[in-house]
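Per-entry structural report
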Amino acid sequence: MYHFPVNICLVGLSDELASIVETTEPLFPFSHMVFCAPGPDPAAIARADALFVDVSDRNATAWITDALAVKKSWAKLVVIASHEQMTELADLFDAVADIWIAPLSVQEFSFRFGLWQKACRREAEAWETEQYLEATINSIPCLVWYKSKDGIHHKVNDAFCATVNKTKEDVQGRGHAYIWDVEADDPACIESERQVMESESTIVSEEVVQTGAGTRLLTTYKSPLYNIDGTVMGTVGVAIDVTQERAYETEIVEKNRTLETIFTTMECGVITHSFDGTRVLGINQAALNILGYHSEEEMVDDGFDMVAPSVLPEDAQRLRASIATLKNVGDSVSTEYRVRHDNGDILHVLGNVKLIESDGELLFQRFLLDYTDKKLEEVQKDRYQKELIHALSEDYLIVCSFNLDTGEGIPLRVSGDKMRHLDDLFTGILQLDDCIDAYLASAVHEDDRATLKNTLTVANLREELADATRIHVNYRIARDETAEYCQATAVRTGDWQDGHDIVLGFRSVDVQTRDEMKRRALLEEALDRANKASAAKSAFLSNMSHDIRTPMNAIVGFTTLAGSRIDQPEKVREYLDKIQSSSTHLLSLINDILDMSRIESGKVSLDEQPCNLVDMLEDLYSIVQAEASARQLYLTVITDDIQHANVHCDKLRINQILLNLLGNSLKFTKPGGFIKVNVTEVLGAPAGYGRYRFTVSDTGIGMSAEFVDHIFDPFERERTSTISGIQGTGLGMSITKSLVDMMHGTIAVDSTKGKGSTFTIELMLELNSSRPVVTPAKAHHLKPNHHMRGSRILLVDDNDLNREIAITLLEDEGFTVEYAVDGQEAVSKLRASGADYFQLVLMDVQMPVMNGYEATRTIRHLDDEHLSRIPILAMTADAFEEDRQKALRCGMDGHLTKPIEMDKLFEALDTMLA
């Protein structure tokens, strides 16, 4: 686009070198004008745009100084000098464009001249580019700036300077804070430029710039600037100041939104027409929709004349009459009318018409509102209210309205029940006193007439309703052979100060009343049962010590006897056996008391084991004999008629049955009396079974026939002066009956007051004659097998006394015992001991820190396979079956209940350590 004519002056050059310049084609877009001078000719030099001066073998300093004095400021000076002249020319290096070293060959000169031409072209192109850039950035209204990495503005355009109200000299070389008159650089601006330089891409954003004159909103386009080596050296930014435009835009948007909201939510139709109604001056779409037209032309063509043809004829006449009432400017009138659309739909329109004046002409401005939905809602609401009133009064036989000042009233609703004759009593204009009298005489039960009459007098109603909004009175209607329960309700209406109006209703409450009476009777019956149960259980809690004291008495007595005969080992052993038998029974008795609820619910199961009936009865005799002797009673146990003594049975439950019966005999037999237990084997048993009859009889006080019928009920005891001072739980017979039923046996009682009682039990027991029976109560303790001796046991128990007893018993039998006081300590000892150190763990359950269940689960999950499989035996006071199951589920191998029976313990140890 540009063109450069260049005047070249050759000073002191040889003809050979000068011809090279003259014959070399100029590079586009340059043209050359070449002229030569033998020396520094001022006129020639002054014309030149480029000078080539050969000072070799000449006064170099003088020549160059003369040339510099007259050349154009922009003219380029190239000096040709020898190496020896460099020192002389050192002070002039800055004033010359280049120095070529002489001597120069033709080829070298031509090469250097070509390089000079290219350099000139590059310089011209750079000048052109800069001119384009300057012209561009300074002629556009956008802000343009070039910034270094450190945020310094190195170049800005005129628009930038105008925006910040500073000159380029003030802006260039400055940072953001100074330029925009703020205290610190804008963090948002710094961040956006950082992102541009890091991503090396153009980022477009809107930035709010704080200036000394306020806030400016800029839309910015920022791009990276690069060094020659390709690294980012800064950013170039272009910004459009859209502060005012955005304010205008926001204002316009808000106004448009407001108008749009008004028009889109506006449901009101608007029509403006001439005073005579023949010309429509304006109508909106809402009005056309309401009137049933698509356009104004369609409505006018249909014959609009003051009133649209779609208005129903009977309403159009009334609408015209309403409009005709408007005489003065500003007058308005509201009216309702209906419109029928082409599809047959009827719309209800609420209209308003106003007389206005515009440009001297009277006009009618009309507003139309479609309130069809509201109209239908009102109709529906009215219908619903009528239905609601009917539904609310459905239960009422009579509903009337009365004024207590006059006593007059009207019927609002009267039942069609002919049996009550209400249609005849309540019809037409009513007088309160006359209606009530007639109703009392014809329908109300005679016992309730006075009460109803006194309540529903005018005077009483006024007095009662002065303080209450409603009153009720219950009465009965005599119907055939029965009575129907009813209720009268009087409710005051309106303002009581202005008038004493009431609504009086009579309704049947027979079903509700009878249901309430049944509920009350059931509640009273339940309360009576609860009181009886509570009293019986209270008696049980205060008297249950007796059944515990029977075996306890044997334990204390035989312990005393053993202490007094310490030098008679056989007697001591006999007494110890009896103490053990009594202790076993005491433990079973405690278990039964704790297990009472399970016995009553049938959850207790039988544990049938081999048993010798004769030995069992001898043990029974040992338990009871001490108390019988103390009470001066004669106790006899007869087993002579037992043919097969070895049977399969639940010895504990049979003992419990007999002890319950003997306990009652001991309590209710006077000193000197007789108690007899007779067991016989009777005929009638199938093969492999024996039928056994257990008879317990006494010469006690006996029972009444009435009480015998309830003897097996829980907590029942006969209340007589003879036995009122005798303690008892009232549970024994109930438990006895439940246990006999579980064994599929029978129990019968024969009693006479003052003579005594006889209980007869028959049980079918499986024979066990082929297998010997060991009686643990009389046998010596089992001893550990040889393979058990020396086994190391970890005893886990938090009770010091329990640990001492267990450790002593186990060490006496040859075991090595170590202990832990809780589950956590037990787990730690097992981990520290190694796999083969302990052979078994005796684990209590209820312990602090970590209980036995948690400790067992932890042991079973140990990484050491041998340790995780170590036998664990529960030894706990948790004695129920669910406790045993819980122990097994958590990983224990067995379950023993406290107090520990050594035979059972050694049997379990033998099994686990085998």
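In short, a report on the structure. Keep in mind it's a predicted model, so treat the numbers as computed, not measured.

Things to note about the overall build of the chain
Scanning the chain from terminus to terminus reveals 32 helices and 33 strands. Taking all 914 residues of the chain together, 42% fall into the buried category. Considering only residue pairs separated by 6 or more positions, the chain has 59% of its internal contacts joining residues 24 or more positions apart. Summed over all atoms, the accessible surface of the chain reaches about 49800 Å², with 52% contributed by carbon and sulfur.

Quick word on the pattern of salt bridges
Counting across every chain of the model gives 36 salt bridges. Taking the shortest distance from any N to any O, the salt bridge between Glu 314 and Arg 338 comes out at 3.4 Å. Here Arg 338 lies in strand E13 (residues 332-340) and Glu 314 lies in helix H13 (residues 313-324), a separation of 24 residues in the sequence. A relative accessible area of 28% means that Arg 338 is categorised as partly exposed.

Topic: the sheet that holds strand E19 (residues 470-479)
Spatially, E18-E17-E16-E21-E20-E19 is the arrangement adopted by the six strands of the open sheet, whose pairing is antiparallel. A single partner strand is all that each edge strand has here, and the edge strands are strand E18 (430-431) and E19. Examined bridge by bridge, strand E16 (residues 396-403) and strand E21 (residues 501-508) share seven bridges and lie antiparallel to one another. The residue of E21 that forms the bridge with Asn 403 is Asp 501. Its contacts with the sheet place helix H18 (residues 458-465) against E19, strand E20 (482-493) and E21, and it is angled at close to 140° to E19.

Considerations on the packing of helix H24 (residues 651-668) against helix H26 (residues 732-742)
Helix packing geometry: the angle between the two helix axes and the distance between the axes. Put simply, H24 and H26 touch, their axes get as near as 9 Å, and they point 145° apart. Regarding H24 and H26, the two cross each other, and that crossing is left-handed. Between H24 and H26, the residues in contact are Arg 653, Gln 656, Ile 657, Asn 660, Leu 661 and Asn 664 and Gly 732, Met 733, Ile 735, Thr 736, Leu 739 and Val 740, respectively. The residue inventory of the contact of H24 with H26, partitioned by class, reads six nonpolar, five polar and one charged.

Comments concerning the state of the cysteines
If you walk through the whole model with that rule in mind, you get zero disulfides. Free cysteine: Cys 36, not disulfide-bonded; nearest cysteine sulfur from Cys 9 at 7.7 Å. According to the relative accessible area criterion, Cys 36 is partly exposed, its value standing at 46%.

Examining the side chain of Asp 186
Mapped onto the elements, Asp 186 comes out in the loop between helix H8 (176-179) and helix H9 (187-199). No salt bridge is formed by the buried Asp 186. Its closest oppositely charged neighbour is Lys 222, at 7.9 Å. Leaving out residues up to four positions away in the same chain, Asp 186 has contacts with His 176, Val 208 and Val 209.

As for the packing of aromatic side chains
Here the structure, examined in full by the defined rule, presents 17 aromatic pairs. Here Phe 52 and Trp 116 contribute two aromatic rings whose centre-to-centre distance is 5.0 Å and whose plane-to-plane angle is 75°, an arrangement assigned as edge-to-face. Of this pair, Phe 52 sits in strand E3 (residues 50-54) while Trp 116 sits in helix H5 (residues 106-139), and the two are 64 residues apart along the sequence. On the basis of relative accessibility, which here comes to 0%, the residue Phe 52 falls in the buried class. Ring geometry for Trp 100 against Phe 109: centres 5.5 Å apart, planes inclined by 80°, an arrangement best described as edge-to-face. One exposure class covers both Trp 100 and Phe 109, and it is buried.

Focus: unusual backbone geometry
A cis geometry characterises the amide bond from Phe 28 onward to Pro 29, with omega recorded as 10°. One can find Pro 29 in the loop between helix H1 (15-23) and strand E2 (30-37). Here the residue pair Ala 102 and Pro 103 is connected by a cis peptide bond, since its omega of 5° sits within 30 degrees of zero. Tracing the backbone through its elements, the reader meets Pro 103 in the loop between strand E5 (98-101) and H5. Residues other than glycine seldom take positive phi values, yet Asp 181 does so here, at roughly 60°. Tracing the backbone through its elements, the reader meets Asp 181 in the loop between H8 and H9.

Things to note about the nonpolar core
Across soluble globular proteins, nonpolar side chains have a tendency to be buried as a group. Grouped together as the largest cluster of nonpolar side chains are 42 residues, with contacts concentrated most on Val 624, Ile 654, Leu 662, Tyr 692, Phe 694, Ile 761 and Leu 765. Residues contacting Phe 694, with those up to four places away along its chain left out, are Ile 654, Leu 658, Asn 678, Val 679, Phe 759, Thr 760, Ile 761 and Leu 763. Formed by 31 residues, the second largest nonpolar core is a distinct cluster that contains Cys 486, Ala 490, Trp 496 and Phe 506.

Re the packing of H1 against H5
Packing of H1 against H5 leaves a shortest axis separation of 10 Å and a crossing angle of 35°. In the crossing of H1 with H5, the sense of the turn from one axis to the other is right-handed. Residues Glu 16, Leu 17, Ile 20 and Val 21 of H1 touch H5, and the partners they reach there are Val 106, Phe 109, Ser 110 and Phe 113. Classifying every residue of the contact of H1 with H5 gives six nonpolar, one polar and one charged.

Things to note about the pairing of strand E15 (residues 361-370)
Here six bridges tie strand E11 (residues 269-274) to E15, and the two strands are oriented antiparallel to one another. By the bridge assignment, Val 270 is partnered in E15 with Phe 367. Judged from the ten bridges that link them, strand E14 (residues 346-358) and E15 form a sheet pairing that is antiparallel. Residue pairing across strands places Asn 352 opposite Phe 367, the latter belonging to E15.

A short note on H13
Between its terminal C-alpha atoms H13 stretches 17 Å, which fits the 16 Å expected from twelve residues at 1.5 Å a residue. Among all positions in H13, only Asp 315, Ala 316, Leu 319, Ser 322 and Ile 323 are buried. Considered in projection along H13, the buried side chains sweep an arc of 125° and stay on one side of the axis. When the buried face of H13 is taken as reference, the exposed residues oriented beyond 90 degrees from it are Pro 313 and Gln 317. Among the structural elements, E13, E14 and E15 are those in contact with the buried residues of H13.

Considerations on the environment of Asp 302
Tracing the backbone through its elements, the reader meets Asp 302 in the loop between helix H12 (296-301) and H13. Setting aside residues up to four positions removed in sequence, Asp 302 forms contacts with Tyr 293 and Pro 309. Only 2.5 Å separates the side chain of Asp 302 from the side chain of Tyr 293, close enough to count as a polar contact.

Here's the deal with a negative patch on the surface
The grouping of Glu 267, Glu 336, Asp 370, Asp 373, Glu 377 and Glu 378 at the surface amounts to a negative patch. Here the negative patch gets three residues from one element, more than from any other, and that element is helix H14 (residues 372-392). If you trace the backbone, Glu 377 turns up in helix H14.

Some thoughts on the sheet that holds strand E29 (residues 792-796)
Here five strands make up an open sheet; going across it, the order is E30-E29-E31-E32-E33 and the pairing parallel. Looking at the sheet topology across the chains shown, the edges are occupied by strand E30 (816-820) and strand E33 (894-897). The sheet shows a mean angle of 25° between the axes of neighbouring strands, direction not considered. By the bridge criterion, three bridges tie strand E31 (residues 840-843) to strand E32 (residues 872-876) in an arrangement that is parallel. Opposite Leu 842, over in E32, you have Leu 873 as the bridge partner. Where helix H28 (residues 823-833) meets the sheet, it contacts E29, E30 and E31, and its direction lies at approximately 155° from that of E29.

Thresholds, definitions, all that
Residues numbered from 1 in each chain as written. Predicted model: local features only at pLDDT ≥ 70, side-chain atom pairs only at ≥ 80, totals over all residues. Heavy atoms only, no water. Helix = DSSP H or I, 4+ residues; strand = E, 2+ residues; numbered from the N terminus. Buried < 20%, exposed > 50% of the residue type's maximum accessible area, 1.4 Å probe, protein only. Contact = heavy atoms within 4.5 Å. Areas by Shrake-Rupley, 256 points an atom, 1.4 Å probe, with all protein chains shown as cover. Salt bridge = Lys/Arg side-chain N within 4 Å of Asp/Glu carboxyl O. Pairing = 2+ DSSP bridges. Axes fitted to C-alpha atoms, helices over the stretch in contact; angles between N-to-C directions. Left-handed = near helix turned anticlockwise from the far one by under 90°. Nonpolar A, V, L, I, M, F, W, Y, C, P; charged D, E, K, R; others polar. Disulfide = S-S within 2.5 Å. Lys, Arg positive; Asp, Glu negative; His and termini not counted. Phe/Tyr/Trp six-rings, centres within 6.5 Å; stacked < 30°, edge-to-face > 60°. Core = buried A, V, L, I, M, F, W, Y, C linked by side-chain atoms within 4.5 Å. Expected span 1.5 Å × (residues − 1). Arc of directions from axis to C-beta. Polar contact = N/O pair within 3.5 Å; in protein donor to acceptor, adjacent residues only side chain to side chain. Patch = residues over 30% accessible without salt bridge, like charges linked within 9 Å, V, L, I, M, F, W, Y side chains within 5 Å. Charge placed at Lys NZ, Arg CZ, Asp CG, Glu CD.

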